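The primary structure of each chain is shown beneath.
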Amino acid sequence: MSQRRSLGLPITLGVVMIVLLVALIVGWVLLAVFGAITDNEYAPLYWTFLTVGAAAFIFILVGVVLYLALSVKAINLNRQQSNFIDSVTHELKSPIASLKLYLQTLHRHNVSPEEQANFFQYMLEDVERLDGLINHLLDAGRLEKQPVDEEIEDVNLAELLEDCAQTVRLRYRLASEVVRLEVNPCLVRARRVDLEMLFRNLIDNAVKYAAAQPQVEVYLEMLSDDRARAQIVDNGQGIPLALRRKIFGRFVRLGSELEREKPGTGLGLYIVRTLVTRLKGRVRVSDPESGSGTVFEVELPAKPLQGQATASPSESALPPPKVA
């Protein structure tokens, strides 16, 4: 349905431009005929054709500009989709080839119990990688489904962040000190699954693109009685200023897909932006106060827990990021 709507506008615009162009050509011919006649009886028709022709010419110019903009948008979308297909193909092919190799080795050769244990561990990692890819695609598909009232609840965001951090630690087999949390409890009214998708993607990205010795810090505080701010800080290379808006696009991944070492589909930050917008919040990217890395900051409508004091920004333990 969305594809039909996206094709309908360029086709309609093209037909209108063709009709206007034919009408303009006919009008210029009639204008030339009436312009050659000096009788004042035809003067009103002359000026009428001249006005209509000028208006049609302006409409055609506007149509050409719009058609060019739609064409550039379609080209960019095709490029992003091609990048996405390359990414998904690579993400599917690599673990499947690895699983096939291990299974063939176990079937054709006698291996020691220690080697079998290693093979099973590697195969489990490949299966987890495939499971993560499928979950990512399913998460993107769920964005089209609007939440119903029965699914919305008050979620303790501090506890949810701890659960998301633990999930990422287990996935990458990290020590607890690699992903550190400093969170103050607060309640966000939303679907729990939406918040899990949002912050699991951010923490996963922070670990994935951190330095060789990853260090990720997660902070949460109440800014006021109705707004909470979460920050996910990594120690990676950072994101260039010119690309910070682009990274939230669908299927967008920086660099060439075939030369990239990090797995992914280009949907994670698109999911983040879509969910933050749905929750009437905002997300931005900035630099950490010192050193290299990236700060993802998410502000959401929230309320403090009963008996929980609201910290003022000046008293917060959060490191103020440099605003880009």
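Residues numbered from 1 in each chain as written. Predicted model: local features only at pLDDT ≥ 70, side-chain atom pairs only at ≥ 80, totals over all residues. Heavy atoms only, no water.

A.B. asks: With reference to specific residues and values, describe unusual backbone geometry.
C.D. replies: Despite not being glycine, arginine 173 has its phi angle at roughly 55°, a positive value. Within the secondary structure, arginine 173 sits in the loop between helix H4 (157–172) and strand S2 (179–183). Note on arginine 173: relative accessible area 43%, which makes it partly exposed. Here the phi dihedral of lysine 280 falls at roughly 60°; this positive angle occurs in a residue that is not glycine. Positionally, lysine 280 belongs in the loop between helix H6 (268–278) and strand S6 (282–286). Taking the relative accessible area as the measure of exposure, lysine 280 reaches 65% and is therefore exposed. (Helix = DSSP H or I, 4+ residues; strand = E, 2+ residues; numbered from the N terminus. Buried < 20%, exposed > 50% of the residue type's maximum accessible area, 1.4 Å probe, protein only.)

A.B. asks: Quick one: what's the story with the sheet that holds strand S7 (residues 294–301), residue by residue and with numbers?
C.D. replies: Pairing is mixed in the open sheet, where 5 strands are placed in the order S2-S4-S5-S7-S6. Of all strands in the sheet, those with a lone pairing partner are S2 and S6, marking the two edges. Put simply, the sheet's adjacent strands are angled 15° from each other on average, direction ignored. Pairing of S6 with S7, which is carried by 5 bridges, proceeds in the antiparallel orientation. Across the sheet, residue valine 285 finds its bridge partner in S7, namely phenylalanine 296. Relative to the sheet, H4 contacts S2 and strand S4 (216–222), its axis offset from that of S2 by approximately 180°. (Pairing = 2+ DSSP bridges. Axes fitted to C-alpha atoms, helices over the stretch in contact; angles between N-to-C directions. Contact = heavy atoms within 4.5 Å.)

A.B. asks: Now, about the sheet that holds strand S8 (residues 303–304): what can you tell me, with residues and values included?
C.D. replies: Within the open sheet, the 3 strands sit side by side as S1-S3-S8. Their pairing is antiparallel. Of all the strands in the sheet, just strand S1 (152–156) and S8 have a single pairing partner and so form its edges. Of the pairings in the sheet, the one linking S1 to strand S3 (residues 186–191) comprises 5 bridges and is antiparallel in character. When the sheet's bridge partners are listed, valine 155 is paired in S3 with valine 188.

A.B. asks: Which residues make up the packing of H4 against helix H5 (residues 192–208), and what are the values?
C.D. replies: Between H4 and H5, the least distance of the axes is 9 Å, while the angle of their chain directions is 45°. Classified by the interaxial angle, the pair formed by H4 and H5 is oblique. In this structure, H4 meets H5 at a crossing whose hand is right-handed. In this structure, H4 uses Leu157, Leu160, Leu161, Asp163, Cys164, Ala165, Thr167, Val168, Arg171 and Tyr172 to contact H5, whose residues at the interface are Arg192, Leu195, Glu196, Phe199, Arg200, Ile203, Asp204, Val207 and Lys208. Its residues placed into classes, the contact of H4 with H5 shows 11 nonpolar, 1 polar and 7 charged. (Parallel < 35°, antiparallel > 145°, perpendicular 65-115°, else oblique. Left-handed = near helix turned anticlockwise from the far one by under 90°. Nonpolar A, V, L, I, M, F, W, Y, C, P; charged D, E, K, R; others polar.)

A.B. asks: Give me the lowdown on the pattern of salt bridges, citing residues and values where you can.
C.D. replies: On inspection of all chains with the given rule, the structure shows 16 salt bridges. Note that arginine 191 and glutamate 151 form a salt bridge whose closest N and O atoms lie 3.4 Å from each other. Residue arginine 191 is located in strand S3, and its partner glutamate 151 is located in the loop between helix H3 (113–142) and S1; the two are separated by 40 residues in the primary sequence. For arginine 191, a relative accessible area of 7% corresponds to the buried category. Note that arginine 282 is salt-bridged to glutamate 299, the shortest N-O span being 3.2 Å. Of this pair, arginine 282 sits in strand S6 while glutamate 299 sits in strand S7, placing them 17 residues apart in sequence. Residue arginine 282 is classed as partly exposed on the basis of its relative accessible area, which comes to 45%. (Salt bridge = Lys/Arg side-chain N within 4 Å of Asp/Glu carboxyl O.)

A.B. asks: So what's going on with the packing of aromatic side chains? Which residues, and what values?
C.D. replies: Under the criterion given, the structure shown has 3 aromatic pairs. On the numbers, 5.1 Å between centres and 40° between planes, the contact of tyrosine 102 with phenylalanine 119 is tilted. Of this pair, tyrosine 102 sits in helix H2 (residues 43–108) while phenylalanine 119 is found in helix H3, placing the two residues 17 residues apart along the sequence. Look at tyrosine 102 and you get buried, because its relative accessible area is 16%. Exposure remark for phenylalanine 119: the relative accessible area of 15% places this residue in the buried category. Measuring from centroid to centroid gives 6.3 Å for phenylalanine 248 and phenylalanine 296, while their planes differ by 80°, and the two rings are edge-to-face. Taken together, the positions of phenylalanine 248 in the loop between strand S5 (227–234) and H6 and phenylalanine 296 in strand S7 put the pair 48 residues apart, joining distant regions of the chain. In this pair, the class of phenylalanine 248 matches that of phenylalanine 296, namely buried. These aromatic residues form a ring-pair network of at least three members: Tyr102, Phe119 and Tyr122. (Phe/Tyr/Trp six-rings, centres within 6.5 Å; stacked < 30°, edge-to-face > 60°.)

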